[in-house]
Number of protein chains: 2
Amino acid sequence: MISVIILGAGNVATHLFKAFNNAGNIVVNQWYNRNLKPLQPFKNDVEITKDLSQLKNADIYIIAVSDDAISKLSSQLPLENRLVVHTSGSVSLHKLDKKHQRGVLYPLQTFSKNTDLNFKNVPFCIEIEHKSNFNILKALVSSIGSKSYKVNSEQRAALHLAAVFVNNFTNQLYRIGHEITESKSVDFNILKPLIKETANKIDTLTPYLAQTGPAKRNDKKTLKKHLGSLDKDIHKDIYELMTKSIQQTHGKKL
Amino acid sequence: MISVIILGAGNVATHLFKAFNNAGNIVVNQWYNRNLKPLQPFKNDVEITKDLSQLKNADIYIIAVSDDAISKLSSQLPLENRLVVHTSGSVSLHKLDKKHQRGVLYPLQTFSKNTDLNFKNVPFCIEIEHKSNFNILKALVSSIGSKSYKVNSEQRAALHLAAVFVNNFTNQLYRIGHEITESKSVDFNILKPLIKETANKIDTLTPYLAQTGPAKRNDKKTLKKHLGSLDKDIHKDIYELMTKSIQQTHGKKL
């Protein structure tokens, strides 16, 4: 049995609590938040507290609060030499107080509060200060059906950065697609199968090999027509820059 | 029974032939290509020809050749007043010779030659000159399990343009994610569940509502750290421009 205490009440904390609470070999000893209100719906399932001085013992303390609050909260914990991890992609392990055995348990996924999440689809990147802590974190992750990957600080930073490209920026391209179709009263749903297939294609092809379209072909007529038909300057800029990027990747003359 | 003749031997032509050939109420009377070689594997399933003067009768002639070749081929067809459609997203209906009853049957999907395609996931955009031709094209599309959408020229152009953003440009963001992870010897597979979830999220949320991340939060510390850690200038440019686009959409001060 692995015992954990969760600190924080945001999306990640809430999804982790639900998953841990359902797992056979994990017990959540306590759930802390500085404000009890978001924890109230769970008070029959777990002991909730807003008082750090009341913190119990556990194998792993998981700090799932906003990036800026991690450092201070970790210092305030009345603990010494216990395994304390945060869940951020971008915060250094060394922002955790050095009185702890420090680690990071970074779930590389996009979390919405109201959408149920299948943890099978959430890879966890594990970074640790003491090698001896790897196995318990790996066992924790495996108990909720997730895969774990051991990474160092530089690798976690690279994943967090790459995630911005493939998640936030990609979603913004969907948004632009939505704006373009809406401006001509076209149903955005028509684009959804293409969006799904684009994401699924990389299961069988690298993104390099999966590329198609006017930029890769250097189809100047279409490129010119597209640029001319975009209304917003920033959409033109994105069109030009992404075209340039594709052509650099695929070795076309610019 | 709907009879069709396919002209061309690229990805779209080949996928359409296979789907039509398997459909109960469609008969492919002939498959034309100026070079017979790519059609040889199918010669037991369909009459193949490279001689336009031997073209038979059919309800619908489907020109699935490269954009630049559509106009010339349509003029060469020894037909008059027959329903002739092309399958391009970007070519005007009026590039088809006016001796025909003209139309466009644009499958909005990404086609790979060697990947089997489920036509349930391929929406067809139908554009026609004569209203009376809509029903037979709709029936054709429905026979292979696909949805059809009636569009005008302007709407088809908007879809083609939006498709470049959500398919080609998105795939290039995946490519950049691949480059970033590879540069730190991280397994790109770790990003795949996030890529899928990003695409699936828009089933329940608009891209506007689905947006998260440092650009939307205007998290200046992370934005600065990310920019500083990108090696390639073009990746920095894309990071800055996509961040600006997200912040314009979500009304952040720049």
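From a predicted model like this one, the values you see are computed outputs, not experimental measurements.

Section: the interface of chain A and chain B
On the chain B side, the residues contacting the 83 residues of chain A number 83 residues. Summed over both sides, the interface of chain A with chain B buries roughly 8300 Å², with 68% coming from carbon and sulfur. On the surface where chain A and chain B come into contact, there are 6 salt bridges. The salt bridge involving Glu154 of chain B is made with Lys184 of chain A; its shortest N-O contact spans 3.6 Å. Where chain A packs against chain B, one counts 30 residue pairs in polar contact (both at pLDDT 80 or more). Elements represented by at least two residues in the side of chain A that touches chain B include exactly α4 (153-183), α5 (192-201), α6 (207-210), α8 (220-229) and α9 (233-249) of chain A.

A few points about the domain arrangement of chain A
Residue and element names in this part refer to chain A. If you check the domain split of chain A, you get domain 1 (2-151) and domain 2 (156-249). Distance from the C-alpha centre of domain 1 to the C-alpha centre of domain 2: 36 Å. Listed by partner, the interface residues are 14 residues for domain 1 and 5 residues for domain 2. Surface buried jointly by domain 1 and domain 2 totals about 690 Å² across both partners, of which 59% is contributed by carbon and sulfur atoms. For the pair domain 1 and domain 2, the number of links is 1 salt bridge. Across the pair Arg156 and Glu127 runs a salt bridge, and its minimum N-O distance is 2.6 Å. At the junction of domain 1 with domain 2, the criterion picks out 4 residue pairs in polar contact (both at pLDDT 80 or more). For the side of domain 1 that touches domain 2, the secondary-structure elements that each account for two or more residues are β6 (101-107) and β7 (124-128). Each residue belonging to the side of domain 1 that touches domain 2 can be placed in one class, and the counts come to 7 nonpolar, 6 polar and 1 charged.

Some remarks on the sheet that holds strand β5 (residues 83-86) of chain A
All names here are of chain A. Within the open sheet, the 8 strands sit side by side as β3-β2-β1-β4-β5-β6-β7-β8. Their pairing is mixed. The sheet is open, and its two edges are formed by β3 (48-49) and β8 (148-150), each paired on a single side. Pairing between β6 and β7: 5 bridges, direction antiparallel. Bridge pairing in β7 places Gly103 opposite Ile128.

Observations concerning the packing of aromatic side chains
Residue and element names in this part refer to chain B. Going through the model one piece at a time under the given rule, you end up with 14 aromatic pairs over all chains. Relative to Phe42, the ring of Phe17 lies with its centre 5.5 Å away and its plane at 70 degrees, an arrangement referred to as edge-to-face. Of this pair, Phe17 sits in helix α1 (residues 11-22) while Phe42 sits in the loop between β2 (26-32) and β3 (48-49), and the two are 25 residues apart along the sequence. Judged by its relative accessible area of 2%, Phe17 falls in the buried class. Across the ring face of Phe134, the terminal group of Lys150 is positioned such that the distance to the ring centre comes to 5.1 Å.

The rules behind each value
- Residues numbered from 1 in each chain as written.
- Chains lettered and ligands numbered in written order.
- Predicted model: local features only at pLDDT ≥ 70, side-chain atom pairs only at ≥ 80, totals over all residues.
- Heavy atoms only, no water.
- Contact = heavy atoms within 4.5 Å.
- Buried area = accessible area lost by both parts, 1.4 Å probe.
- Salt bridge = Lys/Arg side-chain N within 4 Å of Asp/Glu carboxyl O.
- Polar contact = N/O pair within 3.5 Å; in protein donor to acceptor, adjacent residues only side chain to side chain.
- Helix = DSSP H or I, 4+ residues; strand = E, 2+ residues; numbered from the N terminus.
- Domains from an automatic or database assignment.
- Nonpolar A, V, L, I, M, F, W, Y, C, P; charged D, E, K, R; others polar.
- Pairing = 2+ DSSP bridges.
- Phe/Tyr/Trp six-rings, centres within 6.5 Å; stacked < 30°, edge-to-face > 60°.
- Buried < 20%, exposed > 50% of the residue type's maximum accessible area, 1.4 Å probe, protein only.
- Lys NZ or Arg CZ within 6 Å of the ring centre and 35° of its normal.

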